[in-house]
Amino acid sequence: MTLGIVQAGVGDRALLRGLLADCLAELATFGPVDLAYPYFELYWDPAERRWPYLLMQGNDIAGFALVNTVSPSREGTDFAMAEFYVAPEARRCGFGRAAAARILRMHEGLWELAIMSGNEPARRFWPQAIAMAAVGAPERIEADGEMIYRFRTG
């Protein structure tokens, strides 16, 4: 498995929007989701601190990640994993954990990520991905029906 993380450019917006639609449809099975995703265009605004990434498996796009600085806990953070999605055909081979760990290490500092309470696959995935990034034990916060992980990289 060859893993690549590529920052998505303006020309990738339509592709990423399609992947985001798949991601949000899947998330909607676990609870309410805003399918319009009003923050999407902000990922290409130079005034914003947001990073859209494409996850590459060899030459194929296998998913995406949206990183920003919005703190789900409202306690403040350097980085937050807003969305992370691996296409079904690229799952269950370690690709997603390796991609998530690499992105976490790319941005050193205090991280947060929130998981919907009903999203059991994510509740199993994220502790493993965080551990793979070789960070210390994450703080866990239950708030607003979500599990929020806080941890430091670097």
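Please refer to the structure placed before this passage.
Cut-offs and rules
- Residues numbered from 1 in each chain as written.
- Predicted model: local features only at pLDDT ≥ 70, side-chain atom pairs only at ≥ 80, totals over all residues.
- Heavy atoms only, no water.
- Helix = DSSP H or I, 4+ residues; strand = E, 2+ residues; numbered from the N terminus.
- Polar contact = N/O pair within 3.5 Å; in protein donor to acceptor, adjacent residues only side chain to side chain.
- Contact = heavy atoms within 4.5 Å.
- Expected span 1.5 Å × (residues − 1).
- Buried < 20%, exposed > 50% of the residue type's maximum accessible area, 1.4 Å probe, protein only.
- Pairing = 2+ DSSP bridges.

A. Fine view of the side chain of Thr-77. Examined against the element boundaries, Thr-77 turns out to sit in the loop between strand S3 (60-68) and strand S4 (79-86). Reaching out from Thr-77, the side chain makes a polar contact with the backbone oxygen of Phe-79 at a distance of 3.1 Å. Looking at Thr-77, its side chain comes within polar contact range of the main-chain oxygen of Leu-110, at 2.8 Å. Ignoring anything within four residues of it in the chain, the contact list for Thr-77 reads Thr-69, Val-70, Ser-71, Leu-110, Trp-111 and Glu-112.

B. Summary view of helix H3 (residues 120-132). With 13 residues, H3 should reach 18 Å at 1.5 Å per residue; the first-to-last C-alpha distance of 19 Å fits that figure. By the burial criterion, the buried members of H3 are Ala-122, Phe-125, Trp-126, Ala-129 and Ile-130. Looking at the packing, one finds that the buried side of H3 touches S4, helix H2 (95-106), strand S5 (109-116) and strand S7 (146-153). Where H3 starts, the residue carrying a side-chain oxygen 3.1 Å from the main-chain nitrogen of Ala-122 turns out to be Asn-119. One or two residues past the end of H3 sits Ala-134, with phi positive at roughly 60°.

C. Up close: the pairing of strand S2 (residues 51-57). The element S2 is largely enclosed, with a buried count of six among its seven residues. Both strand S1 (residues 3-7) and S2 contribute to a ladder of five bridges, which runs antiparallel. The residue bridging Leu-3 from the neighbouring strand is Gln-57, located in S2. Sheet topology places S2 next to S3; seven bridges connect them, and they run antiparallel. By the bridge assignment, Gln-57 is partnered in S3 with Asp-60. Between S2 and S3, which pair antiparallel one after the other, the connecting turn spans two residues, and Gly-58 there sits at a positive phi close to 65°.

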